[in-house]
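Structural characterization, general
Here are the chains, one letter per residue:
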Amino acid sequence: MAEESKINMVGMRQTWASFGRCLGKLWHVILLFHFIPTDTGAQYTVSPSSTESGAWVGVENNTMVNVKAQLGYTAFLPCSVRMIGDKQISWIRRRDWHVLTSGVFTYTNDERFTITHRDGADDWTLSIKYLQARDNGTYECQISTGTGIVSQFVNLNVIVPEAFILGNSEYHVETGSPINLFCIIEQTPIPPHVVYWKHNDRLLNYDNIRGGVSVTIDHGTKTSSRLVISGATTKDSGNYTCEAPNTQPAIVHVFVSQGDKTAAIQRRTSGSVSVMLAELWVVLPALTVMYWVTKDTSALL
């Protein structure tokens, strides 16, 4: 019994010693929180003389920045601030007033939107990946202070490249003659690395069925491409499309017909022009006479 009592006493001393050490650590923490100011965050250093009106330093309110980015690529919307204390930076899409981010957190199901910020840095950059035409518009970077809201605005212009096929919207050619189409890609800050040609819905760039199809691409000042189809047949008639990734396509309607039919079309077109000119020469003198008669009548009155 004496031995058990001794063991119990030793266990109680160890328990009380552990409790005392825990109590001492707790008291140390309480002292730290009592004597250290709570407004000196680990991420941002706020001057003791700063006030609510000075929470946004070095940035004018309601400033506007213009950003251009190409369709399908990534846009970076800048917002640079410092000495914000414990305030939160928010990004808002103005067209629907949707809060996209607050602090480092994102509040949208669209995973293309992300916020980039490094601890202690001044930049809060909103990134929009895989740009779409509907992303065009104004975005607001704002912070709420005791005196109101301070904002920066970024106007995002999404550039949509566009393809143009030189010539008319219709292309007439005789059977046996080559089809020769030339396409230019406009408004491309980042030039496309490839240009595609399609006949109706069939891709022609890598054609190995018909044969006689040539596609060349020139990466000059403006990206251009030429399509040449030798020995055209009536089966080659249809819609031809020139397009590049993330580009508005261009379409031309190709008509392949027998030589006599093509000549008939040309004669019919030139004949229509001749008839119109003949009619104009007949009507023009009559209109001149009517003008002078009306003028003389007005003078007499």
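Model, not experiment: these values are computed from the prediction. (Residues numbered from 1 in each chain as written. Predicted model: local features only at pLDDT ≥ 70, side-chain atom pairs only at ≥ 80, totals over all residues. Heavy atoms only, no water.)

**So, the overall build of the chain**
Helices and strands together make up the secondary structure of the chain, namely two helices and 18 strands. In the chain, which comprises 301 residues, the proportion classed as buried is 29%. Restricting the contact set of the chain to residue pairs at least 6 apart, pairs at least 24 apart contribute 61%. On the chain, roughly 19800 Å² of surface is accessible, and the fraction owed to carbon and sulfur atoms is 59%. (Helix = DSSP H or I, 4+ residues; strand = E, 2+ residues; numbered from the N terminus. Buried < 20%, exposed > 50% of the residue type's maximum accessible area, 1.4 Å probe, protein only. Contact = heavy atoms within 4.5 Å. Areas by Shrake-Rupley, 256 points an atom, 1.4 Å probe, with all protein chains shown as cover.)

**Let's talk about the pattern of salt bridges**
Throughout the structure, instances matching the rule amount to 10 salt bridges. Here E243 ties to K198 by a salt bridge, and the two come within 3.2 Å at their closest N and O atoms. Taken together, the positions of E243 in strand 17 (residues 238-243) and K198 in strand 13 (residues 196-199) put the pair 45 residues apart, joining distant regions of the chain. (Salt bridge = Lys/Arg side-chain N within 4 Å of Asp/Glu carboxyl O.)

**Quick look at the state of the cysteines**
Applying the stated criterion across every chain yields a total of two disulfides. Here C79 connects covalently by a disulfide to C141, the sulfurs 1.9 Å from one another. Taking the torsion about the S-S bond as the criterion, the C79 to C141 disulfide, at about -65 degrees, is left-handed. Residue C79 is found in the loop between strand 2 (75-77) and strand 3 (90-93), and its partner C141 is found in strand 8 (residues 137-145); the two are separated by 62 residues along the sequence. Accessibility assignment for this pair places C79 and C141 in one class, buried. Through a disulfide, C183 is tied to C242; the S-S separation comes to 2.0 Å. Residues C183 and C242 share a disulfide whose torsion about the S-S bond is about -85 degrees; that sign makes it left-handed. With C183 in strand 12 (residues 179-186) and C242 in strand 17, this residue pair connects regions lying 59 residues apart in the sequence. (Disulfide = S-S within 2.5 Å.)

**A closer look at the confidence of the model for the chain**
In low-pLDDT segments, the atomic positions of the prediction should not be examined closely. In the predicted model, the chain carries a mean pLDDT of 76, and the fraction of residues at 70 or more is 65%. In this model, residues 19-58 is a region of pLDDT below 50 whose contacts with residues beyond four sequence positions or in other chains number 30 contacts. (pLDDT = per-residue confidence, 0-100.)

**Considering a nonpolar patch on the surface**
Together, V99, V104, F105 and Y107 line one region of the surface with nonpolar side chains, adding up to about 400 Å² of accessible area. Structurally, V99 is set in strand 4 (residues 98-102). With a relative accessible area of 36%, V99 lands in the partly exposed category. (Patch = residues over 30% accessible without salt bridge, like charges linked within 9 Å, V, L, I, M, F, W, Y side chains within 5 Å.)

**Notes on the nonpolar core**
With 23 residues, the main nonpolar core has L77, W91, L126, I128, L131, Y139 and L156 as its most contacted residues. Contributing elements (two or more residues each) for this core: strand 1 (63-70), strand 2, strand 6 (113-116), strand 7 (125-128), strand 8 and strand 9 (148-159). L131 has contacts with A69, Q70, L71, G72, Y73, A75, R112, L156 and V158, leaving out every residue within four places of it along the chain. Counting 20 residues, the second-largest nonpolar core is a separate cluster that includes V195, Y240, C242 and V256. (Core = buried A, V, L, I, M, F, W, Y, C linked by side-chain atoms within 4.5 Å.)

**Some remarks on the sheet that holds strand 13**
In spatial order, the strands read 11-18-17-13-14; together these five strands make up an open sheet with mixed pairing. Looking at strand neighbours, the two that pair on one side only are strand 11 (170-174) and strand 14 (202-203), the edges of this open sheet. Taken together, the two bridges between strand 13 and strand 14 define a ladder with antiparallel strand orientation. The residue bridging K198 from the neighbouring strand is L203, located in strand 14. (Pairing = 2+ DSSP bridges.)

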